[in-house]
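Notes for the structure review
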There are 4 protein chains.
Amino acid sequence: MSRNFTSDNVTPACAAVMAAVEAANQGPVPSYGGDAHTVRLAALIAELFETEAAVFPVTTGTAANALALAQITPPYGTVLCYENAHVATDECGAPEFFMGGGKLTGLPAADGKIRAEQVAAVVALADSMGVHHVKPAAVSLTQATEWGTVYTLDQVAELSAMAQRHGLRVHMDGARFANALVHLGCSPAAATWRSGVDVLSLGATKNGALCAELVVFFDPALARDFDRRRKRAGHLWSKLRFLSAQLVAYLEDDLWLRNAAHANAMAATLAAGLAALPGVRLLQSVDANELFVALPERRVAALERGGFGFYRWPGCAVAGDETAIRLVTSYATEARDVAALLDAARGMAPA
Amino acid sequence: MSRNFTSDNVTPACAAVMAAVEAANQGPVPSYGGDAHTVRLAALIAELFETEAAVFPVTTGTAANALALAQITPPYGTVLCYENAHVATDECGAPEFFMGGGKLTGLPAADGKIRAEQVAAVVALADSMGVHHVKPAAVSLTQATEWGTVYTLDQVAELSAMAQRHGLRVHMDGARFANALVHLGCSPAAATWRSGVDVLSLGATKNGALCAELVVFFDPALARDFDRRRKRAGHLWSKLRFLSAQLVAYLEDDLWLRNAAHANAMAATLAAGLAALPGVRLLQSVDANELFVALPERRVAALERGGFGFYRWPGCAVAGDETAIRLVTSYATEARDVAALLDAARGMAPA
Amino acid sequence: MSRNFTSDNVTPACAAVMAAVEAANQGPVPSYGGDAHTVRLAALIAELFETEAAVFPVTTGTAANALALAQITPPYGTVLCYENAHVATDECGAPEFFMGGGKLTGLPAADGKIRAEQVAAVVALADSMGVHHVKPAAVSLTQATEWGTVYTLDQVAELSAMAQRHGLRVHMDGARFANALVHLGCSPAAATWRSGVDVLSLGATKNGALCAELVVFFDPALARDFDRRRKRAGHLWSKLRFLSAQLVAYLEDDLWLRNAAHANAMAATLAAGLAALPGVRLLQSVDANELFVALPERRVAALERGGFGFYRWPGCAVAGDETAIRLVTSYATEARDVAALLDAARGMAPA
Amino acid sequence: MSRNFTSDNVTPACAAVMAAVEAANQGPVPSYGGDAHTVRLAALIAELFETEAAVFPVTTGTAANALALAQITPPYGTVLCYENAHVATDECGAPEFFMGGGKLTGLPAADGKIRAEQVAAVVALADSMGVHHVKPAAVSLTQATEWGTVYTLDQVAELSAMAQRHGLRVHMDGARFANALVHLGCSPAAATWRSGVDVLSLGATKNGALCAELVVFFDPALARDFDRRRKRAGHLWSKLRFLSAQLVAYLEDDLWLRNAAHANAMAATLAAGLAALPGVRLLQSVDANELFVALPERRVAALERGGFGFYRWPGCAVAGDETAIRLVTSYATEARDVAALLDAARGMAPA
C-alpha cells in the first residue's frame, strides 16, 4: 500500500519486465544491439504499429526527446511546443544541446494542447523575418499532455497537417503514450503515423519498466545516421539486450495497455471521488493518469499531514484560498491507495 | 563454456549485481537519486577511495568520459590523449559533442601510454600559437590502456605532475580500472587522486554490471553543476536506484576486485600458453585482461573455424605472414575456455 | 535628402569614420590586434568609461551579443531577457549557438524593459525545479530598448542588483547605446558598470561606422579566454586595425554622442509633429531614435505612396482601423527629411 | 619599402579596393545584402567561374572555412584534411564549433598535399568501425597549401573523385586561391568545380582587401539555409555593401590575378636568390608566395639583426646547425624589398 502520488516515476519495475531482464542475463551475447531481444523488439513494433519503423531504445525520456528533435531540426531551427512542455522546462536544455543550439518556441495552451493556428502564426512570423529568425522545423506535442489531458485524433491530425503544409516534422513526446492510447481506444498506428506523427518517444519507465524508452521513426529514411547520434550522446548500451528485453516484455501481451488502463482507472476513480467533495474542483480534464486539483489550503495541509505525497503545483489559476496540487496514479497504484486518499479527504471535509 | 573472446562487453551481469537490481525493485522510491542506494554509493566510494568525492552514476562509458571531459575542458580547449584512445576513435565524437566543439589532440604511443614529455611539447606548441590554437585543458589517460597495458603509478604521477604544472586537469578513463588496480596491487586512492587524477570514469559494465559506470570527482568543487550536465545529456535516470544498486553491489565485498583478478588471471594463463607456441608472439605486455597477439594467418583462420570469437586487429606491426588478433578475457571466462583455446592453438601447431 | 526611415543600418559611414579607415591603410602593420589603433582603442575606452576594461572589436551586433552571452552563461544556463529582445528574435539563434545550447528565457514587457521582480520570479521557479531546469546565469537588457525606450539609471541598477543577488551576470545590448546615453545625460560609467552592468555590447554601426561593434568587459578578469571565443567564431580580423580605427574615430571628439544627439533630436521632432496630428498616437515613449506610431491605415498607405520607407510593425495593440509603424532616425537624418514626412502626413490629414 | 616577410596579412588594402569602399559609402542603401554591390558580386562570380553559384561574403578566412565545413558535415561527421592544415591548427577549433562537435581527421603530408589513397584508407577504417566512429563526410584541401605548394589539377581531381566515390564533399580552403590559380595558369572553373570542388573559401584579405572572404558553392542547392548559418554566427553584415564592394573590386579587371602574380614573382625571385647561396636550401617547392627555407642559424640571426621580419618555423626536417624559416611575399612586396633581403643574405655568406 502506498500514499505516494507524487509521480509515476517512483514506481518499481513490474514483475514481467523484471523477469525479462533476468531472462536476458545469459552470455556471451553480441553487444550494441546484435542480440535477439533487439531484433525481436523491432519486429514487435512493426507488428503493433502496422508499419516498418526504425527503432532505437534509450534510457531516459529526455534522451529520447532530445535525440529525436535533433534528428528533425537543424541547429538554426526551432521546435514549436507548448510553453511548459517537458522538453521546454524539465530537461535542462537537452533539446537545445542535442540540436546544437536550436531553439524551442513555446506556445501558450491552457490545457497543454497546442493548436494548428498557433503553428501557422509562428510560421508566418518567421517567414516575415527571414534569415534573422530561426527556422520553424518541427512541432513537438506531448501525448498525454503535461496537464493530464489527451489530444483527440482529430487534434493531432489537424496539427500534423498544418505542420506538414509548412514543411515541419511532427514529434510526439509519448512519455505517457500508453495512457493516452488507452484513453483514445484506438490503434497505435491511428494514434501516431496515421495522424501524421513522424517520430515518437515511446515511454515505458513510468508505466512499468526500469529505465526504457524507445525512439520510433515511422519512416525509416528519416532515421538516417540516427544511430550515430545515439552513440555520440553516450546512449548506445553495450549490453543493449537489457534495455530491449524490458521493452519487449512491456509491449508483449498488452502489458503496456493493461498497466496504463489500470493507472487511468485509478485516476478516474480518484477524480470522481474528489470532484464530489465540496470546495474541490478539477482543473483539467482527467484523461490519463494525472490529476490537477484545486482544494482549500487546509485540506491540502491535512493530506500532507496524513502522509500523502504529491506536489503543490505552480502556474494554475486558483482562488485565494485554494491550492493547486498534482496527483499521479500508476500501474502500481492500488484501489485501496485511492480509497485511503479519498477517505482522508472526506474525513477532513466537515472540518 | 564459451569460445567468445571478442570483448568483455558480451558478458552477462554477474549474479550479485543482478540480485542487487532485483532487491532494489521496491516502491515507491524517490526518483532522480533521492534513494538509499545512491546515498550508499557515495559513502562507499568515499570509504574505498579514502576521500570525499562527488559521484555520478551513468549508463555507458562513453557518457562517463564525455561528461567528465566536458566538465574540465572549455569549448575552445583540447584534451591530450593517446591518438587511438577510446575517447578519440570509438565514441563517435562524443567528447567533442559534450565539450561543445572542443578538440582531442592525439599523441602517438606504441604501448598506449602517453608520456609527460608529449604533454609538455603540445603545451609549448600551443603557447607559441596563442589565440589561434585551442587551449590545452586536460589530459585523458586510459587505465588499463587500449593495448591491455597498465600505467605504473610513477607514470601516472609524472603525467599528472606535468599536466598540473601547465594548468591541465587529469581524467582517467577507467573502463577497465579494476583490472588495472588488481595489476598494480595498490589502493584505489593511490591509483587515482594520490597520483594526481582529478576525475575518474570508473567502469563496471565490462566487469560484471548490466549497464553501470561512475564518474568520480576527487575534488567535489570540481563537480560544480555537473548534475546539470548529466541531466541535459539525458543521463539522469528517474529510477536511479537501479543504477546505483548495481554499483554498490559491484564495489561491495571486493566483488569488482575479485572479478578483475579472475579476468586478469585468465589473460595471463592464455598469454603464457600462447607465447610458448612457436611462431606466436605477444605484441604488448599483458597487464590486464586483453591480449594482442601475432600469429601465422593459418592459425588465426583455424581458430576461427574452430568457433573461437575474437577480432583481427588493425594497426599492429606484424610480419607479412602474421596476423594480429585481440583476445579479451572477463570475469566470466572459465579456465576450461582458456584451455580449449590453447588446445586448439596447440593442435594446429604441427600443421 | 532621404525618405528612408526603415532603420539606422541603411546609413553610410560618417565622414570621420571613413577618413580613419583610409588613414589606417598603411603597411605593413602587425596583424590580429598588434597595431596602434587597437592599443589606442583600449586606452580610449578606459578613459571614457573611467575604468580598466577588456575590449574586443567585432563586426556585428549579433557577434558582440552572442559572444558576450556565451562568456557569462554556461551551456546548461539561461539568459533572462525581454521576450522580443533582439537576441531572442533577430539573431537566428546566435546566442544559443555560441552558448553551446544554452537558452534564453523571454519575459514580457510592454515597453521593452524587464523588471527586477521578473528576474526574481524566474530564479525562484528555477530553484524549485533544481537540476531539471536550466540555470539562470545572466540578464540581458537592451539599452535603448527594442521599443525605443530607455531604462532609467535606477531601473538598470535595480535589475542589476537583483541579478547580482542571485549570482547572475548582467549584459547590456547597446546596439543603440549612444542614443540611450544622450537621453540619460549621464557618464558612460554611470550608465554601465556603476549601475551594475558586467559586459556591454557597444554599437557603432548604426550610428556612423561601417561595421564596428565593441564588447566591453568592465572586469577584465571576466574576459578570461574571451579572445579564444572570438577567434573560434571567426571574429578575429587579421587586419584588425581597420575595425579598431573605426571605433577610435567613433569615440573620439564625442562623435558618437554628437551623432546620437542628432538622431534623437530628429526623432523628437518627428514625434512631436506626428503626435499633434489628429488620429495619430505614439505607442511608446520616444526616448531615443525610434518611434512606434499608430495611424489610420489610409495615412500609412499614403505615406508609402509618397515614397517614405518604414516598417509596418507587428505585435502592437492598435484599434481596428489603426496600423502601427516603426520610424527610425539616424545621425544622417536631415531636418528636411523629417519636415517632408510631417508635411506629407499633415497634407493627408484633411482627407 | 618593407623588410616584413612575416605574412601577407600585414599588408594594407590595395588602392582599388579602398577606392571601392569609399565609393560604396552612399546612403541610404538596403541592408543585409539588398544592395547593388552584392548583386554585382554574384554576377561577377558566375561570370568568372562560368557557372551559377551561391556566394556569401564574410569577414575572415576562419569564418569562411568553418561555415563551409559545417554546411557539408553533420555533427557526427569528420572532415579529412592535412594534419597541419589551417583549419586544424590555426582556427582555435572553429570548424569543430561550427559543426556542432564534428571532427577533423588529420592526415600526414610532407608537402601539405593529402592524397586520394589516404582518403580511401580513412573511409575503410571508419566503415570497419561503424557507428562507433565518426562518419567521414568531407575532404578539405588548402590551395595553395600551408607549405606554399600548389596541388596540380590532376591531384585535385583525383582527390575529389575519391571523395565523391565515398559520398564525401570537397571543400577548398582558398585563402591564397589567387596565388594558386596564377601558378596553375588555368581558369577558375578548371581549378575548382571542374576538378570536383563543391565549395570554395575564396580569400581576398591577404591579397589586397581589408577584410573580405567569399564562400562559393558551385551547386546552389548545396547552400540551402547557409544564409541562416551565416546569420547565427554573427557573420551577416548589416552594411554588407562594404564587404561586397571590396570583393567586386578585387575580382574586377583581373586585380586579384595581377596582385597574386606579383606576389608569386617576388617569391620566385627570392627563392632563386636564396637557393643560389651556399648552405641554404628550399624545403618545399615555391609554387605560390610562401618560402620555407633552411639556413645556418647564424644567417637567420643576422637577418633578424638586419631588421627583417619572418617566422622561425617549427616542424621542418632540418640538420642540427640549420634553422627553418618562413618568408611570405605579397602584392605589396617590392622588388627592392626582395633585393634587400638577398643582399643581406649574401653579405653574410662569407662570414
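Description of the structure in this document. None of the values given here were measured: they were computed from a predicted structure.

Moving on, we come to the interface of chain B and chain A. On the side of chain A, 44 residues touch chain B, which itself brings 44 residues to the contact. With both chains or domains summed, chain B and chain A bury close to 3700 Å², and 60% of this area falls on carbon and sulfur atoms. Per-residue buried area on chain B facing chain A is highest for F97, R232 and K239 of chain B; these three make up 20% of the total on that side. The interface formed by chain B and chain A contains zero salt bridges. Taken together, chain B and chain A are joined by 26 residue pairs in polar contact (both at pLDDT 80 or more).

Attention now moves to the relation of the copies chain A and chain C. With an axial shift of 0.0 Å and an RMSD of 0.0 Å, the rotation relating chain A to chain C amounts to 180°. With respect to symmetry, the two chain copies, as superposed, fit the operation of a two-fold axis. Using C-alpha coordinates, one finds that chain A approaches the rotation axis most closely at G101 of chain A, a distance of 2.0 Å. Here 100% of the interface residues in chain A have copies in chain C that are interface residues too; the copies meet face to matching face.

Glancing now at the environment of T145 of chain B. All names here are of chain B. In this structure, T145 sits in the loop between β4 (135-142) and α7 (153-165). Among the residues examined, T145 registers a relative accessible area of 1% and is labelled buried. Remark: the alpha-carbon pair of T145 and E290, spanning 145 residues in sequence, is separated by 9.4 Å. Residues in contact with T145, not counting those within four places in the same chain, are D111, G112, K113, Y151 and E290. A distance of 2.6 Å separates the side chain of T145 from the side chain of T149, its partner in a polar contact.

On to the sheet that holds strand β11 (residues 322-328) of chain B, then. Residue and element names in this part refer to chain B. On the basis of which strands lie adjacent, the open sheet formed by four strands has the order β8-β9-β11-β10 and antiparallel pairing. The two strands at the open ends of the sheet, each matched to only one other strand, are β8 (281-282) and β10 (311-312). Looking at chain direction, strand β9 (residues 290-296) and β11 are connected through seven bridges and run antiparallel. Within the sheet, the bridge partner assigned to A294 lies in β11 and is A324. Helix-sheet contacts for helix α12 (residues 255-275) involve β8, β9 and β11, and the interaxial angle to β9 is about 15°. Where helix α13 (residues 297-305) meets the sheet, its contacts fall on β9, β10 and β11, and the angle it forms with β9 comes to roughly 120°.

Cut-offs applied
Residues numbered from 1 in each chain as written. Chains lettered and ligands numbered in written order. Predicted model: local features only at pLDDT ≥ 70, side-chain atom pairs only at ≥ 80, totals over all residues. Heavy atoms only, no water. Contact = heavy atoms within 4.5 Å. Buried area = accessible area lost by both parts, 1.4 Å probe. Salt bridge = Lys/Arg side-chain N within 4 Å of Asp/Glu carboxyl O. Polar contact = N/O pair within 3.5 Å; in protein donor to acceptor, adjacent residues only side chain to side chain. Least-squares fit on C-alpha atoms with pLDDT ≥ 70 in both. Helix = DSSP H or I, 4+ residues; strand = E, 2+ residues; numbered from the N terminus. Buried < 20%, exposed > 50% of the residue type's maximum accessible area, 1.4 Å probe, protein only. Pairing = 2+ DSSP bridges. Axes fitted to C-alpha atoms, helices over the stretch in contact; angles between N-to-C directions.

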